[in-house]
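# Results of the structural survey
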Amino acid sequence: MRKFFLAFICIPFLTYGQPLQQPDAAQLKLKLKKLNFLGSVLYMAAHPDDENTRIITYLANGRLATTAYLSLTRGDGGQNLIGSEIRDLLGVIRTQELLAARKIDGGQQFFTRAIDFGFSKSAEETFTIWPREEVLSDVLKVFREYQPDVIITRFPADEQRANHGHHTASAMLAHEAFDLAARADVLPDQVKTLGTWQPKRLLTNTGRWWNDKINEKPPGVITIDVGAYSPLLGKSFSEIAAQSGSQHKSQGWGQQSNRGYMPEFLEQMKGEKAEKDIFEGVNTTWTRVKGGEKVATLLERAIREFDEENPAASLPLLLQVRNAIKALEDGVWKRRKLTETEQLITEVLGIFLNATASHYHGSPGEKMKSTFEIINRSSSEVTINRIASPTLNWDSAFSLPLVSNVKTVISSTASLKTDLPYSEPYWLAAAHDIALFKVKQNEMIGAPENRPAVEFVFSLSIGGEPFEIRKPLVYKWVDPVKGELWRPFEIVPPVFVNMFEKVVVFNSQQPKELRLLLRSSVRTPMAGTLSLTLPAGWRAEPASVAFDLAKAGDEISRVFQVYPSSDESRGMIRAVAEINGKKYDQALQYIDYDHIPIQTLLPEAQVNVVRIDLKKDGRLIGYIRGAGDEIPSALRNMGYEVWEMKNEEVTPENLKKVDAVVMGIRAVNTNPRIRYFMADLLNYVKEGGTLVMQYNTSFDFEVETFSPFPLKLGRDRVTEENAEVRILKPEHPVFNTPNKITAKDFDGWVQERGLYFPTTWDPAFEALLSMNDKKDTPKDGSLLVAKYGTGHYVYTGLSFFRELPEGIPGAYKLFANLVSLGKTTKPESSKQKGKKRI
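Read on for a plain summary of the structure. Please read all numbers here as calculations on a predicted model, not as lab measurements.

### Some remarks on the overall build of the protein
If you tally the helices and strands in the protein, you get 18 helices and 43 strands. The C-alpha atoms of the protein give a radius of gyration of 30 Å, which matches the 28 Å a tight globule of 838 residues would have. Once the C-alpha set of the protein is aligned to its principal axes, its extents read approximately 85 × 75 × 55 Å. The burial tally for the protein puts 57% of its 838 residues in the buried class. Taking all contacts inside the protein whose residues are at least 6 apart in sequence as the whole, residues at least 24 apart take part in 75%. As presented, the protein carries roughly 35100 Å² of accessible surface, and 49% of it is formed by carbon and sulfur atoms.

### Description of the sheet that holds strand β10 (residues 263–271)
Backbone-to-backbone hydrogen bonds join strands into a sheet, with any given pair of strands oriented parallel or antiparallel. Here we have seven strands laid out as an open sheet, ordered β4-β3-β2-β5-β6-β10-β7, and mixed in their pairing. Across the chains shown, the open sheet's two edge strands, defined by having one partner strand only, are β4 (108–111) and β7 (221–225). Neighbour-to-neighbour, the strand axes of this sheet turn through a mean angle of 30°, independent of strand direction. Strands β2 (40–45), β3 (66–71), β5 (150–153), β6 (201–205), β7 and β10 of the sheet are contacted by helix α2 (residues 53–62), whose axis makes an angle of about 155° with β3. The strands touched by helix α12 (residues 332–348) are β2 and β3; relative to β3, the strand with the most contacts, the crossing angle is about 105°.

### Section: the packing of aromatic side chains
A ring pair, where both rings are aromatic, is described by two values, the distance of the centres and the angle of the planes. The final tally for this structure, using the stated rule, is 21 aromatic pairs. Relative to F279, the ring of F37 has its centre 5.4 Å away and its plane inclined at 75°; by these criteria the two rings are edge-to-face. Of the two residues, F37 is situated in the loop between α1 (25–34) and β2 and F279 in the loop between β10 and α10 (293–305); the sequence distance between them amounts to 242 residues. Grouping residues by exposure puts F37 and F279 together as buried. Measuring from ring centre to ring centre gives 6.1 Å for W749 and F800, while their planes differ by 55°; the resulting arrangement is tilted. Within this pair, whereas W749 is found in the loop between β38 (725–727) and β39 (754–761), its partner F800 is found in helix α17 (residues 800–803), the two being separated by 51 residues in sequence. Both residues of the pair, W749 and F800, count as buried.

### A few points about the environment of G791
When you line up the elements, G791 lands in strand β43 (residues 791–796). Classification of G791 by relative accessible area gives buried; the value is 1%. Sequence-wise, G791 and K823 are 32 residues apart; in three dimensions their C-alpha atoms are separated by 9.5 Å. Setting aside anything within four residues of it in sequence, one finds G791 in contact with V685, K686, G688, G689 and A786.

### What about the nonpolar core?
Residues L32, W286 and I462 are the most contacted members of the largest nonpolar core, which totals 55 residues. Top contributing element to this core by residue count: helix α11 (residues 315–326), with seven residues. Discounting residues that sit within four places of it in the chain, I462 has contacts with L315, L319, I345, T346, L349, I351, E381, V382 and F467. Grouped together as the second largest cluster of nonpolar side chains are 43 residues, V505, I612, L783 and L804 included.

### What to know about the side chain of N817
Checked against the element boundaries, N817 lands in helix α18 (residues 809–819). Excluding residues within four positions of it along the chain, N817 makes contact with P733, V734, F735, N736, T737, P738, N739 and I741.

### A closer look at the sheet that holds strand β21 (residues 495–499)
Ordered in space as β21-β23-β27-β25, the four strands form an open sheet in which the pairing is antiparallel. A single partner strand is all that each edge strand has here, and the edge strands are β21 and β25 (539–541). On average, each strand axis in the sheet is inclined to that of its neighbour by 35°, with strand direction left out of account. In this sheet, strand β27 (residues 555–563) lies alongside β25 in antiparallel orientation, the contact comprising three bridges. When the bridges of β27 are listed, A540 appears paired with V562.

### With respect to the environment of A397
Counting through the fold element by element, A397 comes out in the loop between β14 (382–388) and β15 (400–401). For A397, a relative accessible area of 58% corresponds to the exposed category. Considering only alpha carbons, one finds A397 and R386, 11 residues apart in sequence, at a separation of 4.4 Å. The residues touching A397, leaving out its near neighbours within four places in the chain, are N385 and R386.

### Remarks on the pairing of strand β13 (residues 367–375)
For a regular strand, the rule is simple: side chains alternate between the two faces of the sheet. Judged from the six bridges that link them, strand β11 (residues 352–357) and β13 form a sheet pairing that is antiparallel. Considered in β13, the bridge of N354 is made with E373. As defined by bridge partners, β13 adjoins strand β16 (residues 408–415) across eight bridges and the pair is classed as antiparallel. Across the sheet, the residue bridging to K369 is T413, located in β16.

### Details of the side chain of E85
If you trace the backbone, E85 turns up in the loop between β3 and α3 (88–105). In this structure, E85 is buried with no salt-bridge partner, the nearest side chain bearing the opposite charge being R625 at 7.3 Å. Apart from the residues lying within four places of it in its own chain, the contact partners of E85 are N80, L90, I93, I591 and Y593.

### What to know about the environment of A114
With respect to the helices, strands and loops of the structure, A114 is situated in the loop between β4 and α4 (123–129). With sequence-adjacent residues up to four places away left out, A114 is seen in contact with L72, T73, R74, W130, V135, A435, L436 and F437.

### Regarding the packing of α2 against helix α9 (residues 237–245)
If you want to describe how two helices pack, look at the angle between their axes and the distance between the axes. Two numbers describe how α2 lies on α9: the axes approach to 8 Å, and their chain directions differ by 125°. For the element pair α2 / α9, the angle class is oblique. Seen from above, α2 lies across α9 with right-handed handedness. Counting all contacts with α2, which are made through T53, R54, T57, Y58, N61 and G62, the residues of α9 involved are F237, I240, A241, S244 and G245. Classifying every residue of the contact of α2 with α9 by side-chain character gives four nonpolar, six polar and one charged.

Analysis parameters
- Residues numbered from 1 in each chain as written.
- Predicted model: local features only at pLDDT ≥ 70, side-chain atom pairs only at ≥ 80, totals over all residues.
- Heavy atoms only, no water.
- Helix = DSSP H or I, 4+ residues; strand = E, 2+ residues; numbered from the N terminus.
- Rg over C-alpha atoms; globule rule 2.2 N^0.38 Å.
- Buried < 20%, exposed > 50% of the residue type's maximum accessible area, 1.4 Å probe, protein only.
- Contact = heavy atoms within 4.5 Å.
- Areas by Shrake-Rupley, 256 points an atom, 1.4 Å probe, with all protein chains shown as cover.
- Pairing = 2+ DSSP bridges.
- Axes fitted to C-alpha atoms, helices over the stretch in contact; angles between N-to-C directions.
- Phe/Tyr/Trp six-rings, centres within 6.5 Å; stacked < 30°, edge-to-face > 60°.
- Core = buried A, V, L, I, M, F, W, Y, C linked by side-chain atoms within 4.5 Å.
- Lys, Arg positive; Asp, Glu negative; His and termini not counted.
- Salt bridge = Lys/Arg side-chain N within 4 Å of Asp/Glu carboxyl O.
- Parallel < 35°, antiparallel > 145°, perpendicular 65-115°, else oblique.
- Left-handed = near helix turned anticlockwise from the far one by under 90°.
- Nonpolar A, V, L, I, M, F, W, Y, C, P; charged D, E, K, R; others polar.

Now the structure itself:
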């Protein structure tokens, strides 16, 4: 191994992607064959997991087409089966799950700026929230930039069949963009940059759930077999698709591998008609590009002569292919295929280039060490001539032949520029409303994720020809269990200010401690002051506090006494650290799941605060986890002790110790052990306990008895967060003890009222609330309470999991009443005093 040491300044250049894994010989041959097919498809729908991975896999790997999925949203408004992240954080997870899926099925990924604001019952409602023209402009940008020959929508453009306002809207926008993309008078500024484009046809991927009688016989239906087997890949396309779809883990979308004939049906909607093939009338050969015949001839020979035992033998022909493509007129196919060819050349040679940082983040102006690993794993002639950053006036020009399978390591200590932007998801960099993300850089619209914070260009000579290979800077480490792992290098503030809570509830005018954590991200000492900005009528002592941090990773906590307003109110407390006249007000937050890369977010350093006269009965609440919510934190905010019970702790003896039990959202769906102690929970109710069961879905519901009386789950929901709430039994204890609840307590709720309400229930249940969206019938199943024995069983689809983290006062009062049902505060016994909280 040869080592070299260079000194230069590196700054970030943005490009997205992750370090590529070296494809095997079968994948190399597939890529070689794909070079000879010039047809493209854009699949379009509304959300992550709406896409038909079977069709995407088949088109990308069977038909060899350039294939992409356009999701209007990032799935921000859905539920999360793997954790407590919702809204923006869930959108980050689902973005990465889509990218993980595309990595498997071979597609590309695009988005618009539209936000998933939750379930919508009509396209009319959807477009009262989404600014239609702006979302349409994003769709047109993707059409014009990607230039698909064929558009396939997942859903039809009518309400009855699409079953979701976003679904219908996605099809409507696809139809509209199909008609407008070729018109130069539509968004002329966009046309100046991208030009116009007319797809050949638009098809709808007819779903069996709205047409179970669909087959290949009706006119205008094209049938494709997505279950075909690929001897080259050793799998059927449906098997690959199942692996792809199973990346949507936050959706609980794990799929079984299916084999054999599997038809998918595509119905003609717009454009030229086709009889049997979606590419009819589309020239998918190199003759569609003037002068491309030579490229086709070379590729046909390269495919015939490809040697699986020695892929590098293809280099001479691939170099000829590259030069032939470079000689063509500019256009999307020249650019697309030139990029694919150059990547394939490095892959057949087994060239490995990697740029790693000594830490996973750095701050503007900070020095950092980078290491470059370079290997040519072939006998072909390869020389490295330069390493540079595209945004630096720096040139490391040198000439170094790369000896076959001998690793070259080059190290550098460099300083980041002082004016670099911080790394955070580009669509979250600016505050947004419920409809549309605010994207500062127009060129990023449509992109799935940030480009890496730092990128390097490696200039090589391969077979005497000049090449440039771009690689992002990453951080790599070895986990003793998982092995080698990586994460992108990111630019962050020099200091983070983190709150310990998302919401702090003040039950009286008494002050509470607000503890903040400061953490350094730089290697040099820092000193400054920390202060708070509070809502009107609130104050904090002291006004500011000093802090010192010696080196990167150092943490220190600081405490303020916060005095709430005298009247009920809610607001936001923001924190800011000031160092040498510069202010820093961002926290550090990671999203870390095994199936996606670690995601770094830099939210504002703030906490919701609520001043309410909240009363409660009982002392200790048992909580049984479901898919993940923040109910335990909310209960502690109310003043309860919370026992987050493990499965083995849910026993009759332990249940006698708690004043109420709360089931996490979708607990019965996600915890297979509940069936074994559900009888104990129901007996606990019978003997005087209170059980609050939050919503579950009827899908994957395997517990036969989850209620003391018959109760049938459904899909009723109220999606309008300001829908009228009618209290059916105002005299019921739920609305009177210990807090008085009125319709005003439903003001300010976010995203929705509730979801997956039961549709039928035993007369033993009392339906306490009625509500409905506009143009819908009343839904009375959102809050059901039954007396069972001497206790109370509560089933609720109200979206407490969204409202409590937002600090909605009425949600806190109502939830406190639910867990207080039938209880009076228990005085602590002498044995309990002094015990640690559970």
